[in-house]
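Notes for the structure review
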Amino acid sequence: MITIQNLHKTFKKNSVLTGIDLTINSSGIYAILGPNGSGKTTLIKSILGMVVPTQGTIHIMGENIKNNWHYKKNVDYLPQIANFPNNLSVKELFKMIKDLRGNTQADQELIELFNLAPFLNKKLGNLSGGTKQKVNIVLTFMFNSPILILDEPTTGLDPISLIRLKELIRKEKTNEKTILITSHIMSFVEEISDEIVFLLEGKIYFRGSIAQLKSQTQQPNFEHAIASILKTSYA
Amino acid sequence: MLKILKYSFYDLMRSRWSYVYFLFYLLLGTVLLFLNNDLSKAIITLMNVIIVLVPLIGTIFGVMYYYNSKEFTELLLAQPLKRNAIFLGQYLGVSLSLTMSLVLGIGIPFILYGIFRSDSIWNFSLLLVTGTFLTFIFTALAFNISLSNENKIKGFGYAVLLWLFLAIIYDGIFLMSLLLFEDYPLDKLSLIGTMLNPIDLSRTLILLKLDISALLGYTGAVFKKFFGTNFGLIISILMLSLWVFIPMLRIIFKSKKKDF
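What you are looking at is a predicted structure, and each value in this text was computed from that prediction instead of being measured.

1. Describing the overall build of chain B
Broken down by element type, chain B carries 11 helices and 0 strands. Along its sequence from the N terminus, chain B presents helices and strands in the succession α-α-α-α-α-α-α-α-α-α-α. Taking 260 residues into account, the globule formula puts the C-alpha radius of gyration at 18 Å, and chain B, at 19 Å, falls close to it. Projected onto the principal axes, the alpha-carbon positions of chain B cover approximately 60 × 45 × 30 Å. Per-residue burial for chain B yields a buried fraction of 53% across its 260 residues. Counting only contacts in chain B whose residues sit at least 6 apart along the sequence, the fraction spanning at least 24 positions is 81%. As displayed, chain B has an accessible area near 12400 Å², and 72% of this comes from carbon and sulfur atoms. One way to put it: in chain B the 21 positive side-chain charges average out to a point 11 Å from where the 13 negative ones average out.

Below, the structure written as structure tokens:
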């Protein structure tokens, strides 16, 4: 589904990605982890075509993504910071994105799930951060695309919404979707992901299940296992 | 592209600033017309305001809109849309909404005054046409500046500098060079100099249409000979179109290669 070969990205003089090779062929939940500045967001944005790679190729569902925008109908993206035109209402935003991507009925269900009905006629500029994030989540999940990319999906959510989000992600997994997640909340990652991809200094340092990571680093606890990778790399 | 244009336009049409801008022109037009009672003078005063203000507002609005909608642009970039479509759509949305504020704001008082029954209708239309051109030109320049500068403050700074240069400094340099080389024949040079700056070009175009070129002395006569003809008018409109077209091409080119 996703094939990345020898991906390099340099911003001016700063090399962020230095040779990523990653193939994801099956459905499941993949967590992309790494310290700050390791290139997680750059990797995700390269997949989305928002960042133009310096070198290397990316194929999504068999299509080369270079100078191509049609493949994006197979990808749903939840950006890290949600900011929408302030003068539109929530309802109008949903209508607009549906207008751009094609119609769907799934939004009604999601609006109910996240209790957004009272906000539908409010302007986006007047919403709180958490509510904006919920709007963002609805926008992402309302299209039934085979690939989902979530960048820090838990930001600003209250506990109930967090539980609902986890349920939603699991449900999408049973629908045979490929889900990429980045997060700094290790308990969330541990609970939800099938496999982790650990980036360090622009390369893939580790790829495998959490159990494998624990045995490799000889740490009983996931959070400590991650920390031990970082310690050895910083040392 | 049309969809993006539509939504940018709707978004801006509901923004407070569009109304402020509209009301400002409405007030200005009304006051000038009904307290002054001289159509030609009102048009000249309006021209002086439009020639300076329209570029300023176009630049500031363009830069502000681009930076404010940055995250939303990122959301759009993740949708199955062409990059060109997103940026051109936004650009046209901003320009059209500004143009609408201008045309309605000035148009309403003039219609109430009875412009259709007077022979100044052509001068008035030329005023609106140049105002529209200036809006499109300076919004496009603002988009160019913001696409090239990640830093908001820098972008704003360059945009204001650009406006300052074309609205004021250019004229200064132009005049100085005319004084400096006054021993040489300057008709061609001054003509070209005027053509290269959209603000000067618009000003000259309107002044000459208003038939007050006598104020401009000998140069005025040369200008009149050039701009007064249909050929001059067509060349001027062509020049203004180029000023819209070239920055637009750069928006397309730049947005294709940019990382978000």
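2. Re the overall build of chain A
Each helix and strand counted, chain A has 8 helices and 10 strands in total. On C-alpha atoms alone, chain A measures out to a radius of gyration of 18 Å, which is about the 18 Å that the 2.2 N^0.38 rule sets for 235 residues. For chain A, the C-alpha atoms occupy an extent of roughly 55 × 40 × 35 Å along the three principal directions. Taken across its 235 residues, chain A has 53% of its residues classed as buried. Sequence-distant contacts, at least 24 apart, represent 69% of the contacts inside chain A between residues at least 6 apart.

3. With respect to the side chain of Thr130(B)
The residue Thr130(B) is located in helix α6 (residues 121-148) in this model. A distance of 3.0 Å separates a polar side-chain atom of Thr130(B) from the backbone oxygen of Leu127(B).

4. Focus on the sheet that holds strand β9 (residues 195-200) of chain A
Residues and elements named next belong to chain A. On the basis of which strands lie adjacent, the open sheet formed by 6 strands has the order β6-β7-β8-β3-β9-β10 and mixed pairing. Strands at the two margins of the open sheet, each flanked by one partner only, are β6 (75-78) and β10 (203-208). Here the strands of the sheet are splayed against their neighbours by 15° on average, with no regard to which way each runs. The pairing of strand β3 (residues 28-33) with β9 spans 4 bridges and is classified as parallel. Considered in β9, the bridge of Ala31 is made with Ile196. Those strands touched by helix α4 (residues 129-141) are β6 and β7 (147-151), and its axis lies near 175° from that of β6.

5. Notes on the pairing of strand β1 (residues 2-11) of chain A
Residue and element names in this part refer to chain A. Here β1 pairs with strand β2 (residues 14-24) via 8 bridges, running antiparallel. Along β2, the bridge assignment pairs Ile2 with Ile24. The sheet contact formed by β1 and strand β4 (residues 55-60) spans 5 bridges and is antiparallel. Its bridge partner being in β4, Thr3 is matched across the sheet by His59.

6. Digging into the packing of aromatic side chains
Residue and element names in this part refer to chain A. Taken as a whole, this structure holds 13 aromatic pairs over all chains when the rule is applied. Sitting over the ring of Phe11, Lys9 keeps its end group 5.1 Å from the ring centre. In this structure, Arg101 is placed above the aromatic ring of Phe143, and the distance from its NZ or CZ to the ring centre is 4.9 Å.

7. Some thoughts on helix α9 (residues 198-209) of chain B
All names here are of chain B. If you check α9, its first and last C-alpha atoms are 17 Å apart, about what 12 residues at 1.5 Å a residue would give, namely 16 Å. α9 sits mainly inside the fold: 10 of its 12 residues count as buried. Looking only at α9, the buried set comprises Pro198, Ile199, Asp200, Leu201, Ser202, Thr204, Leu205, Ile206, Leu207 and Leu208. Among the residues of α9, the N-terminal cap falls to Asn197, whose side-chain oxygen and the backbone nitrogen of Ile199 are separated by 2.9 Å.

8. Here we look at the sheet that holds β1(A)
All names here are of chain A. Spatial strand order, β2-β1-β4-β5: 4 strands in an open sheet with antiparallel pairing. Of all strands in the sheet, those with a lone pairing partner are β2 and β5 (63-64), marking the two edges. Sheet topology places β4 next to β5; 2 bridges connect them, and they run antiparallel. Opposite Ile60, over in β5, you have Glu63 as the bridge partner. Contacts from helix α1 (residues 40-47) reach β1, β2 and β4, with the element oriented near 120° to β1.

9. Some details on the pattern of salt bridges
Tallied over the full model, the rule gives 19 salt bridges over all chains. Measuring nitrogen to oxygen at the nearest pair gives 2.6 Å for the salt bridge that ties Lys9(A) to Asp259(B). With Lys9(A) in strand β1 and Asp259(B) in the segment after α11 (230-257), this residue pair bridges two chains. Among the residues examined, Lys9(A) registers a relative accessible area of 5% and is labelled buried. Close ionic contact of Arg207(A) with Glu195(A) constitutes a salt bridge, the shortest N to O distance being 2.7 Å.

10. Some thoughts on the packing of α4(A) against helix α5 (residues 159-174) of chain A
Think of two packed helices as two axes; the pair is described by the angle between the axes and how far apart they sit. Residues and elements named next belong to chain A. At a minimum axis separation of 12 Å, α4 and α5 run at an interaxial angle of 10°. Here α5 runs roughly parallel to α4, going by the angle between their axes. Together, Lys134, Ile137 and Phe141 of α4 and Ser161, Leu165, Leu168, Ile169 and Glu172 of α5 make up the contact between the two elements. Across the contact of α4 with α5, the residue classes break down as 5 nonpolar, 1 polar and 2 charged.

Cut-offs applied
- Residues numbered from 1 in each chain as written.
- Chains lettered and ligands numbered in written order.
- Predicted model: local features only at pLDDT ≥ 70, side-chain atom pairs only at ≥ 80, totals over all residues.
- Heavy atoms only, no water.
- Helix = DSSP H or I, 4+ residues; strand = E, 2+ residues; numbered from the N terminus.
- Rg over C-alpha atoms; globule rule 2.2 N^0.38 Å.
- Buried < 20%, exposed > 50% of the residue type's maximum accessible area, 1.4 Å probe, protein only.
- Contact = heavy atoms within 4.5 Å.
- Areas by Shrake-Rupley, 256 points an atom, 1.4 Å probe, with all protein chains shown as cover.
- Lys, Arg positive; Asp, Glu negative; His and termini not counted.
- Charge placed at Lys NZ, Arg CZ, Asp CG, Glu CD.
- Polar contact = N/O pair within 3.5 Å; in protein donor to acceptor, adjacent residues only side chain to side chain.
- Pairing = 2+ DSSP bridges.
- Axes fitted to C-alpha atoms, helices over the stretch in contact; angles between N-to-C directions.
- Phe/Tyr/Trp six-rings, centres within 6.5 Å; stacked < 30°, edge-to-face > 60°.
- Lys NZ or Arg CZ within 6 Å of the ring centre and 35° of its normal.
- Expected span 1.5 Å × (residues − 1).
- Salt bridge = Lys/Arg side-chain N within 4 Å of Asp/Glu carboxyl O.
- Parallel < 35°, antiparallel > 145°, perpendicular 65-115°, else oblique.
- Nonpolar A, V, L, I, M, F, W, Y, C, P; charged D, E, K, R; others polar.

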